[in-house]
2 protein chains.
Amino acid sequence: MAAYDHPAPETFELTVVLRALADPARLDIVRHLERVGEANCATLIGTRPKSSMSHHFQVLRESGILRTRIEGVQHRNSLRREELDERFPGLLAAILSAP
Amino acid sequence: MAAYDHPAPETFELTVVLRALADPARLDIVRHLERVGEANCATLIGTRPKSSMSHHFQVLRESGILRTRIEGVQHRNSLRREELDERFPGLLAAILSAP
DNA sequence: TGCTTTGTTCGGGTGTTATCGAACAACAGG
DNA sequence: CCTGTTGTTCGATAACACCCGAACAAAGCA
């Protein structure tokens, strides 16, 4: 399995990031990652099937919100906090602290 | 023309607000309102038809991002900055300062 | 009463996104 | 190898959102 491509912070698009976050399932993923730091897909699957989760991770990854590191058979995801804050200062913090 | 209903800040939903902002046309409206304070629909129409604009204003209004005040035949729109900041501290500022 | 201005509402067409099962691929361990 | 685990990819369906013209509504004014 080849490593994923991750966009550079200068190419993050605000509307793309907002659209990625404007989904309850993906917001759950982001909030969970904030708590645990790093997680693979399986641990985040609630009632949703794997294929749906894989799609949501792809959207989050391609928008720049998270990075995926491959370790063996698992894909470990974590937030790109510094890079997001570099491009959109305060945005992630505001969203993570929102009710 | 009866006045519009505007949601109370406690009922603002993060995903709804993010979805409302995750559209280039609506982001333009929000940025414009930040500059001029208050504006009616017509002054914001660029190349888009009235019906499209009316739709975008409705989305922004129902999500809580702006309020619409009727004055004669004009509908004056302005950002609900304090109320948004009360519910989602820092969110609007982060978005307005983003590239 | 007409006429103009300003927006809304309606209807349909179009494109995008979410969802999910099933099949596939990559890796690790026995 | 063979098997189990972990995710991705594919294909189909359904839901949603955007877009725009046309008709409508409300208010101001001659």
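An unreviewed UniProt entry annotates chain A as Transcriptional regulator originating from Gluconobacter roseus NBRC 3990.

(A) View of the interface of chain A and chain B. Taken together, the contact between chain A and chain B spans 19 residues of the former and 19 residues of the latter. In total, chain A and chain B occlude about 1600 Å² of area from one another, counting both sides; carbon and sulfur atoms represent 74% of this. Where chain A touches chain B, the interface holds 0 salt bridges. It is helix α1 (residues 14-21) of chain A that contributes the most residues to the side of chain A that touches chain B, 5 residues altogether. Along the lines of polarity and charge, the residues of the side of chain A that touches chain B split into 13 nonpolar, 2 polar and 4 charged.

(B) The arrangement of the relation of the copies chain A and chain B in detail. Mapping chain A onto chain B calls for a rotation angle of 179° and an axial translation of 0.0 Å; the resulting RMSD is 0.1 Å. The operation mapping one copy onto its partner corresponds to a two-fold rotation axis. When the interface residues of chain A are mapped onto chain B, 100% of them are again interface residues, pointing to one common binding face.

(C) Looking closely at helix α2 (residues 24-36) of chain B. All names here are of chain B. For α2, which comprises 13 residues, the first-to-last C-alpha distance of 18 Å matches the rise-based estimate of 18 Å (1.5 Å per residue) to within 8%. Within the span of α2, buried status applies to A25, R26, L27, I29, V30, H32 and L33. Directly after α2, the chain includes G37, whose backbone phi takes a positive value near 85°.

Rules used in this analysis
Residues numbered from 1 in each chain as written. Chains lettered and ligands numbered in written order. Predicted model: local features only at pLDDT ≥ 70, side-chain atom pairs only at ≥ 80, totals over all residues. Heavy atoms only, no water. Contact = heavy atoms within 4.5 Å. Buried area = accessible area lost by both parts, 1.4 Å probe. Salt bridge = Lys/Arg side-chain N within 4 Å of Asp/Glu carboxyl O. Helix = DSSP H or I, 4+ residues; strand = E, 2+ residues; numbered from the N terminus. Nonpolar A, V, L, I, M, F, W, Y, C, P; charged D, E, K, R; others polar. Least-squares fit on C-alpha atoms with pLDDT ≥ 70 in both. Expected span 1.5 Å × (residues − 1). Buried < 20%, exposed > 50% of the residue type's maximum accessible area, 1.4 Å probe, protein only.

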